[in-house]
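Structural features, examined
Now for the letters of each chain:
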Amino acid sequence: FNGSVCTVISSSPTSITCTLGPNFVGSYPVTVQVAGNGYARPVSMALQFKYTLTATSVAPSNGSFAGMNTLTVYGVGFNPTSTVVTICGRLCGMASDPPQLTMLSCIVPSYTSTLPQPGAVACNVTVTSQNSTVVLPNAYTYNGSLTPVVFSVNRTRGGTAGGSVLLISGTGLTGVANVTIAGVV
């Protein structure tokens, strides 16, 4: 199965029972090799096995309305070149690490570009790969209480050499990972 082994449990002159290993979503030709006789000839070239896409969960299950946090999707069959994830219909762009067979990471899109919404909005997470789609209903929640808000910056100008100290005021700013000015960390 395209590099995936089907471990033989039993065989007879007319049948084989085997347990499949994991593989990317898609259809693959079935190949059988008989010890001492070589490869079996398929009756039809259409003899294929189809691996279906599985998505089981996401982590974290909630975040701010501003997005930009990393979401990890767990399952099996994620194709590294053709998997797309959406949250509430918005594209969750792939993180820098390519998808793996059993997990992928993407950057959560913002839900709104204005001040955070009160309350929360539960969203479907949809995973599509090789024309297979799995929907995880209400798997991710945009939560207003998790949304940091910046109200003001004490200075709006400084020299091009840097070194200006800024005081940024707002709510939910504990644990800030970084602050950027013009996209430079």
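See the structure printed just above.
The structure reproduced in this document is the subject of the present report. Numbers given for residues are sequential positions, taken from 1 along each chain in its written order. Confidence filtering applies because this is a predicted model: local features only for residues at pLDDT of at least 70, side-chain atom pairs given and counted only at 80 or more, and all residues used for totals across whole chains, interfaces and linings. Side-chain numbers here rest on the full set of heavy atoms in the structure, without hydrogens or water.

1. So, a nonpolar patch on the surface
Put simply, the rule reads: Two distance rules govern patches: like charges are joined within 9 Å, and nonpolar side chains (Val, Leu, Ile, Met, Phe, Trp, Tyr) within 5 Å, applied only to residues with over 30% relative accessible area and no salt bridge. Here the open area of atoms and residues is found with the Shrake-Rupley method and a 1.4 Å probe, where only the protein chains shown may cover a residue. Here a salt bridge means any side-chain nitrogen of Lys or Arg lying within 4 Å of a carboxyl oxygen belonging to Asp or Glu. Only DSSP runs of H or I with at least four residues qualify as helices, and only runs of E with at least two residues qualify as strands; both kinds are numbered from the N terminus onward.
A surface patch of nonpolar side chains, amounting to about 490 Å² of accessible area, comprises Val150, Val153, Leu166, Val176, Val179 and Ile181. Assignment of secondary structure puts Val153 in strand β16 (residues 149-153).

2. As for the sheet that holds strand β13 (residues 103-107)
As a reminder of what qualifies: Strands were regarded as paired on the criterion that DSSP finds at least two bridges between them.
In spatial order, the strands read β7-β9-β13-β12; together these four strands make up an open sheet with antiparallel pairing. Looking along the sheet, the strands with just one partner apiece sit at the ends: β7 (54-59) and β12 (93-94). In terms of strand pairing, strand β9 (residues 70-76) meets β13 through five bridges, oriented antiparallel. Across the sheet, Leu71 pairs through a bridge with Cys106, a residue of β13.

3. Quick look at the environment of Gly3
What counts, and what does not: Think of it in three bands: with a 1.4 Å probe and only protein chains considered, a residue is buried below 20% of the maximum accessible area for its type, exposed above 50%, and partly exposed in between.
By the element assignment, Gly3 lies in the segment before β1 (6-11). Judged by its relative accessible area of 80%, Gly3 falls in the exposed class. In sequence terms Gly3 and Thr102 are 99 residues apart; their C-alpha atoms lie 16 Å from each other.

4. What about the nonpolar core?
In a soluble, globular protein the nonpolar side chains are often hidden away together inside. The test is simple: Buried Ala, Val, Leu, Ile, Met, Phe, Trp, Tyr and Cys residues that are joined via side-chain atoms within 4.5 Å together make up what is termed a nonpolar core. Two residues form a contact once any of their heavy atoms are found within 4.5 Å.
Counting 22 residues, the largest nonpolar core has Leu71, Val73, Val85, Ile87 and Val125 as the members making the most contacts within it. Elements with a minimum of two residues in this core: β7, β9, β10 (83-87), β13, β14 (120-129) and β15 (132-143). Looking at this core, the element that brings in the most residues is β15, giving five residues. Residues contacting Leu71, with those up to four places away along its chain left out, are Val58, Ala59, Pro60, Ile87, Leu104, Ser105, Cys106, Val108 and Tyr140.

5. Structural notes on the layout of surface pockets
Stated precisely, the cut-off is as follows: In this analysis, the protein atoms alone were mapped onto a 1 Å grid. Cavities are point sets where a 1.4 Å probe fits without being able to get out; pockets are open sets with protein on both sides within 12 Å along at least five of seven lines; lining residues have an atom within 4 Å of a point. Grid points are joined across faces, edges and corners, and a volume is the space filled by probe spheres set on the points. Lys, Arg, Asp and Glu make up the charged group, whereas Ala, Val, Leu, Ile, Met, Phe, Trp, Tyr, Cys and Pro make up the nonpolar group; the residues left over, Gly among them, are polar.
By volume, the largest pocket is sized at about 590 Å³. Forming the boundary of the largest pocket are 19 residues, of which Ala66, Pro148, Leu173, Val176 and Asn178 lie nearest the centre. Residues belonging to the lining of the largest pocket are distributed by class as follows: 10 nonpolar, nine polar and no charged. Put simply, the second largest pocket is a space of about 440 Å³. Val8, Ile16, Thr31, Val32 and Gln33 are, among the 18 residues lining the second largest pocket, the residues nearest its centre. Here the lining of the second largest pocket is built from residues that sort into 11 nonpolar, seven polar and no charged.

6. Examining unusual backbone geometry
Here the amide bond leading from Ala59 into Pro60 is cis, since omega sits at -5°, within 30 degrees of zero. Residue position: Pro60 is located in the loop between β7 and β8 (62-63). Within the chain, Met68 stands out as a residue other than glycine whose phi angle is a positive 70°. The residue Met68 is located in the loop between β8 and β9 in this model. Under the relative-accessibility criterion, Met68 is labelled exposed at 63%. The phi dihedral of Gln130 falls on the positive side, at around 50°, and the residue is not glycine. Positionally, Gln130 belongs in the loop between β14 and β15.

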